[in-house]
Amino acid sequence: MATQHYLGSCQCGAVSFEADADLDQAVVCNCSRCQRLGSVLTFVPREEFTLKSGQDNLSEYLFNSKKIHHQFCKTCGIQSFAFGTKPDGSAIVALNVNCLEGVNPRELSPHAFDGASA
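Not measured: the values here are computed from a predicted model.

Chemist: I would appreciate a short explanation of the packing of aromatic side chains in the present structure.
Modeler: Aromatic ring pairs are described here by two measures, namely the spacing of the ring centres and the angle between the planes. For the structure shown, the criterion picks out six aromatic pairs. For the pair Phe17 and Phe81, a centre-to-centre distance of 5.6 Å together with 70 degrees between the ring planes defines the contact as edge-to-face. Linking Phe17 in strand E2 (residues 16-21) with Phe81 in strand E8 (residues 81-85), this pair joins segments that are 64 residues apart in sequence. Judged on exposure class, the residue Phe17 and its partner Phe81 are both buried. For the pair Phe49 and Phe81, a centre-to-centre distance of 4.8 Å together with 55 degrees between the ring planes defines the contact as tilted. Here Phe81 lies in strand E8 and Phe49 lies in strand E5 (residues 49-53), a separation of 32 residues in the sequence. A network of ring pairs unites the aromatic residues Phe17, Phe49, Phe81 and Phe83 as a single cluster.

The rules we used
Here the residue index of a chain counts from 1 through its sequence in written order. At least 70 in pLDDT is required for a residue's local features to be given in this predicted model, at least 80 for side-chain atom pairs to be given and counted, and no such filter applies to totals for whole chains, interfaces and linings, which use all residues. Computation of side-chain values covers all heavy atoms of the structure but excludes hydrogens and water. Pairing of aromatic rings covers Phe, Tyr and the six-membered ring of Trp, with a centre-to-centre limit of 6.5 Å; geometry is then stacked below 30 degrees between planes, edge-to-face above 60, and tilted otherwise. Strands here are runs of E lasting at least two residues and helices are runs of H or I lasting at least four, both read from the DSSP assignment and numbered beginning at the N terminus. Note on classification: 1.4 Å probe, protein chains only; a residue is buried when its accessible area is under 20% of the maximum for its type, exposed when over 50%, partly exposed between these limits.

Now the structure itself:
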């Protein structure tokens, strides 16, 4: 699978976005947050992500090193994406693949990431 254009949203639709992503690079993480959420994530450069609606309906959660800015809808509570930076300082967005339209994350083969030890 190559990079494709995706639309995504929270459950209630108050927060929507679009992004160009490669789902072959999807990961599942065992950190205390991702494991509880059941997130399947893929990472895209910040410039490949556009928030279409819901900026005023987002809330942020920071934990541990407080480097990842987890964004979730104030109405339905779904975390559709998070903002962060790569080690080289470039801005990235972690997309929750579960929130992408027309994608069944259970059909993917995500790579395991040991976030619990990171």
